[in-house]
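# Structure at a glance
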Amino acid sequence: MSTKPVSELVDVVSAPLGDLIAEVGIGVARAQYALDKQSLALFEEIYKNDEQYLDQLRAMGYRPNWYQIPEAEAEIQVSLAISGSYSGQSRSPIKMYAAPMNASYKNSFEYDLSASSKLKMKIVPVPEPSFIEQQKMIPRLVGKSIKEAETLLNQLDIPYSIDDDSDPDVLIQTTTPLAGEVLVDDAILMISVVI
């Protein structure tokens, strides 16, 4: 069996090296997304229950777990090839391609595995930007009494202002920002009540 030319290998079984590395990163990100999605689903399940149940969980100090992939390490054995062309004054970009190494590749293309390269990479999470810690998600408060809202907002450490807080049993009519929105920086949650 004759050895295939490099240009044919590039077209058939290889990918730009940057794309290969990016795909590994995307795979790790998808796995982390699946873990986060499951944690959020658990939060939603807990928060959609009645307030008494939620208060009992809070009193016990219960919080749903967040799982994190602390780091992902990959070691891939590949054949590296460089592709590009030059004609006259024009030059196409030079790209490095990587083809996976396995027994099938070796047999199909009569490739010597001793000439392959090892690509090692480590993907680690970085700390979130500091401004994210200052953001607070507004809970659902419409229909709750001022007393209930104050208890919840104090637990969540959300600064607020109520337009009329004389009666703790008065119900909340609107909030600015709305439930589900994010309160950032030094903003204050504005609460309007039913009078």
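Residues numbered from 1 in each chain as written. Predicted model: local features only at pLDDT ≥ 70, side-chain atom pairs only at ≥ 80, totals over all residues. Heavy atoms only, no water.

## So, the pattern of salt bridges
Keep this limit in mind: We define a salt bridge as a side-chain nitrogen of Lys or Arg found within 4 Å of a carboxyl oxygen belonging to Asp or Glu. The numbering of helices and of strands both runs from the N terminus, where a helix is a DSSP run of H or I of at least 4 residues and a strand a run of E of at least 2. Relative accessibility thresholds used throughout: buried, under 20% of the residue-type maximum; exposed, over 50%; partly exposed, between the two (1.4 Å probe, protein chains only).
The full count for this structure, using the stated rule, is 2 salt bridges. Put simply, Lys122 and Glu71 hold a salt bridge, and the shortest N to O gap is 3.7 Å. In this pair, Lys122 sits in strand E6 (residues 117–123) while Glu71 sits in the loop between helix H3 (51–59) and strand E2 (72–83), placing the two residues 51 residues apart along the sequence. For Glu71, a relative accessible area of 40% translates into the label partly exposed. With a shortest N-O distance of 3.9 Å, Lys136 and Asp157 are connected by a salt bridge. With Lys136 in strand E7 (residues 136–137) and Asp157 in the loop between helix H6 (146–156) and strand E8 (160–162), this residue pair connects regions lying 21 residues apart in the sequence. Residue Lys136 is classed as partly exposed on the basis of its relative accessible area of 22%.

## A short note on the side chain of Ser39
In plain terms, the rule: What makes two residues a contact is simply this: any of their non-hydrogen atoms within 4.5 Å.
Tracing the chain through its elements places Ser39 in helix H2 (residues 17–47). Discounting chain neighbours no more than four positions away, the residues touching Ser39 are Asn65, Trp66 and Tyr67.

## A look at the environment of Gln68
Following the sequence through the fold, Gln68 ends up in the loop between H3 and E2. Considered as a pair, Gln68 and Gln32 are 36 residues apart in the sequence and their alpha carbons are 6.6 Å apart. The contacts of Gln68, once residues within four sequence positions are left out, are Gln32 and Pro125.

## So, unusual backbone geometry
Between Thr176 and Pro177 the backbone carries a cis peptide bond, its omega angle lying at 0 degrees. The residue Pro177 is located in the loop between strand E9 (172–176) and strand E10 (182–183) in this model.

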